[in-house]
Amino acid sequence: MSSSIPQDVSAVVLQPSEPVPDDAVAVQGPNFDERLTLDTLLGSYERIGFQANSLGKAINIVNKMRQWRLSDEPIPDDETEELSNPEVRARTRCNIFLGYTSNLISSGLREVILHLVKHRHVACIVTTAGGIEEDFIKCLGRTYLADFSLDGADLRRRGMNRIGNLVIPNDNYCKFEDWLMPILDTMLTEQKASGQVWTPSSFIRRLGKEINNEESVYYWAYKNDIPVFCPALTDGSIGDMIYFHSFKSPGLVLDIVGDIRALNELARTSKKAGMIILGGGVCKHQIANAMLIRNGADYSVFINTGQEFDGSDSGARPDEAISWGKIRADSESVKVFADATLVFPLLVAATFAQDVRPP
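Presented here is a report on the structure given in the accompanying data block. No experiment lies behind these values; they were computed from the predicted model shown.

## Thoughts on the overall build of the protein chain
- Assigned secondary structure in the protein chain consists of 17 helices and nine strands.
- Once the C-alpha set of the protein chain is aligned to its principal axes, its extents read approximately 95 × 65 × 50 Å.
- When each of the 359 residues of the protein chain is scored for burial, the buried share is 45%.
- Taking all contacts inside the protein chain whose residues are at least 6 apart in sequence as the whole, residues at least 24 apart take part in 74%.

As structure tokens, this is what we get:
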């Protein structure tokens, strides 16, 4: 019997490698033998691999959104007089378009989103009906931790509504109706008197004013004049209330055309535009479609658990949006395949929250 390894086996198992490029990054995790700060730990994510690597990339992209100024760019020959002014260029920033699904407002991410709006870190918001109403409902009553496995029929009997492992007493929605109906009456009266109809964004702005509560995301959006767009505003409890109101006092009009123009114009006129989108569906595509108006976003961060094999936009990776012109081919983009409640607080801690100074 031969004592040497068969040559054909050796050739396939011990195939030599090509030289590793000089700029290749070696995999390396955090060293817990050293005292690590949160910043140091998150900084290590870029070299861990898999979705940690994607989160590290997302942190870098968001910081680039935050740091960009028009003064970083050369002044073109046809620039306007205003935008040729060095002070104006130094103040002109990347507009960040933030999108999220309703369940995230139901969760504790509401307070993370509130921080971004309160401190003017975003230029606009796009969300769904639940993403609007659940914020106001939380000002009127609590949402509670529960369990994914609770029996639905038993919860229905008890008047408890489940969102994942959270529950909301149905009484909260009754309180919401009591709060909203008089506002709808007033808005209808104002519409009839002025002849000017409401848009979903002006409707939400008015509710943010009326709630007058610093715990509300949309109170801060109202205070800081940050537009909130909700293309599917009637798809939830707000829609139920508008439906009920239409029997008692018909005539309230919500103009979606005004909002699509406002959103698309904000995208078109942005000198630099970034997307941060948590989840999928309407909020993801409405922002991405607005980016088409300007030939694509400059920076893009998607965080969701959707998969692309069913052809849904929710699960699509950034490369699919590039094919439609919704993300620029030469831009920086990443999708983090993760539950946003796990990773978005970490992303904010490593980016926007760096502006917070201890007392």
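## A look at the packing of helix α8 (residues 129–140) against helix α10 (residues 171–194)
- Between α8 and α10, the least distance of the axes is 9 Å, while the angle of their chain directions is 100°. Overall, the two elements α8 and α10 adopt an arrangement that is roughly perpendicular. Every residue of α10 that contacts α8 at Glu133, Glu134, Phe136, Ile137 and Leu140 is listed here: Asn172, Tyr173, Lys175, Phe176 and Trp179.
- Along the lines of polarity and charge, the residues of the contact of α8 with α10 split into six nonpolar, one polar and three charged.

## Some remarks on the packing of aromatic side chains
- Within the structure shown, the criterion is met by six aromatic pairs.
- Their ring planes at 35° and their centres at 5.4 Å tell us that phenylalanine 136 and tryptophan 179 sit as a pair that is tilted. Of the two residues, phenylalanine 136 sits in helix α8 while tryptophan 179 sits in helix α10, which places them 43 residues apart along the sequence. Like phenylalanine 136, the residue tryptophan 179 is buried in the burial classification.
- These aromatic residues form a ring-pair network of at least three members: Phe136, Phe176, Trp179 and Tyr218.
- Over the ring of phenylalanine 302 we find lysine 284, and its NZ or CZ is 4.5 Å from the ring centre.

## Concerning the pairing of strand β7 (residues 273–278)
- Counted residue by residue, β7 has six buried out of six residues, so it is predominantly covered.
- Across the two faces of β7 the burial is the same, with Ala273, Met275 and Ile277 and Gly274, Ile276 and Leu278 all buried.
- Where strand β1 (residues 95–100) lies against β7, six bridges are found, and the strand directions are parallel. Considered in β7, the bridge of asparagine 95 is made with alanine 273.
- The pairing of β7 with strand β8 (residues 297–304) spans five bridges and is parallel. When the sheet's bridge partners are listed, glycine 274 is paired in β8 with tyrosine 299.

## Description of the sheet that holds β7
- Strand order in the open sheet formed by six strands is β6-β2-β1-β7-β8-β9, and the pairing between neighbours is parallel. If you trace the sheet from one side to the other, it starts and ends with β6 (228–229) and β9 (327–337), each paired once.
- Lying on the sheet, helix α15 (residues 282–292) is in contact with β1, β2 (124–127), β7 and β8; it crosses β7 at an angle near 170°.

## Observations concerning the nonpolar core
- Ranked by size, the top nonpolar core spans 75 residues in total, and within it Tyr100, Tyr218 and Phe344 carry the most contacts.
- Counting residues per element, this core draws most heavily on α10, at nine residues.
- Setting aside residues up to four positions removed in sequence, phenylalanine 344 forms contacts with Leu109, Val112, Leu116, Ile276, Leu278 and Ile303.
- If you look at the next biggest cluster of nonpolar residues, it comprises 18 residues, including Phe229, Ala267, Phe302 and Ile327.

## Observations concerning a nonpolar patch on the surface
- On the surface, Ile5, Val9, Val12, Val13 and Leu14 cluster together into a nonpolar patch covering about 510 Å² of accessible area.
- Mapped onto the elements of the fold, isoleucine 5 is located in the segment before α1 (7–13).
- According to the relative accessible area criterion, isoleucine 5 is exposed, its value standing at 58%.

## Details of the sheet that holds strand β3 (residues 144–145)
- Taken in spatial order, the three strands of this open sheet run β3-β5-β4, and their pairing is antiparallel. If you trace the sheet from one side to the other, it starts and ends with β3 and β4 (160–163), each paired once.
- Direction of pairing for β4 relative to strand β5 (residues 166–169): antiparallel, over a ladder of four bridges. Bridge assignment links isoleucine 163 to a residue of β5, and that residue is leucine 166.
- Sitting on the sheet, α10 is in contact with β4 and β5, with an inclination near 50° to β5.

## A short note on α10
- Its 24 residues place the ends of α10 35 Å apart at the C-alpha level, agreeing with the 34 Å of an ideal helix rising 1.5 Å per residue.
- Of all the bends in α10, the largest measures some 25° and sits at leucine 180, one to four residues before the proline proline 182.
- Where α10 is concerned, the buried positions are Asn172, Tyr173, Phe176, Trp179, Leu180, Met181, Ile183, Leu184, Met187, Leu188 and Gln191.
- The first or second residue beyond α10 is glycine 195, which carries a positive phi of 75°.

Rules behind the numbers
- Residue indices follow the written sequence of each chain, beginning from 1 at its first position.
- This being a predicted model, a pLDDT of at least 70 is required before a residue's local features are given, and a value of 80 or more before pairs of side-chain atoms are given or counted; all residues contribute to the totals for chains, interfaces and linings.
- Side-chain numbers here rest on the full set of heavy atoms in the structure, without hydrogens or water.
- Every helix listed is a DSSP run of H or I at least four residues long, and every strand listed is a run of E at least two residues long, numbered separately from the N terminus.
- Three labels apply to residues, based on accessible area from a 1.4 Å probe with only protein chains included: buried if under 20% of the type maximum, exposed if over 50%, partly exposed otherwise in between.
- Only heavy atoms matter for contacts: two residues are in contact if any of them lie within 4.5 Å across the pair.
- Inter-axis angles, ranging from 0 to 180 degrees, are taken between N-to-C directions of lines fitted to C-alpha atoms, where helices are fitted over the stretch in contact.
- Throughout this description, any angle smaller than 35 degrees is read as roughly parallel, any larger than 145 degrees as roughly antiparallel, any in the 65 to 115 degree range as roughly perpendicular, and the remainder as oblique.
- Think of it as three bins: nonpolar holds Ala, Val, Leu, Ile, Met, Phe, Trp, Tyr, Cys and Pro, charged holds Asp, Glu, Lys and Arg, and polar takes everything else, Gly as well.
- Here the aromatic set is Phe, Tyr and Trp, taking the six-membered ring for Trp, and pairing holds for ring centres within 6.5 Å; pairs whose planes are under 30 degrees apart are stacked, those over 60 apart are edge-to-face, and all others are tilted.
- Two conditions define a charge located above a ring, namely a distance within 6 Å from the ring centre to NZ of Lys or CZ of Arg, and an angle within 35 degrees of the ring normal.
- Pairing between strands requires that DSSP locate at least two bridges from one strand to the other.
- Nonpolar core, defined: a set of buried Ala, Val, Leu, Ile, Met, Phe, Trp, Tyr and Cys residues in which side-chain atoms within 4.5 Å join the residues together.
- Patch members must show over 30% relative accessible area and no salt bridge, and they are joined within 9 Å when carrying like charges or within 5 Å when they are nonpolar side chains of Val, Leu, Ile, Met, Phe, Trp or Tyr.
- To measure how exposed things are, a 1.4 Å probe is used in the Shrake-Rupley method; for residues, cover is taken only from the protein chains shown.
- Salt bridges, as used here, are contacts in which a Lys or Arg side-chain nitrogen is within 4 Å of a carboxyl oxygen on Asp or Glu.
- Here, expected helix span is obtained from the residue count minus one, scaled by 1.5 Å.
- Axes are fitted to the seven residues ending at a residue and to the seven starting at it; the angle between these axes is taken as the bend at that residue.

Everything listed here is a matter of coordinates, which is why it stays silent on function.
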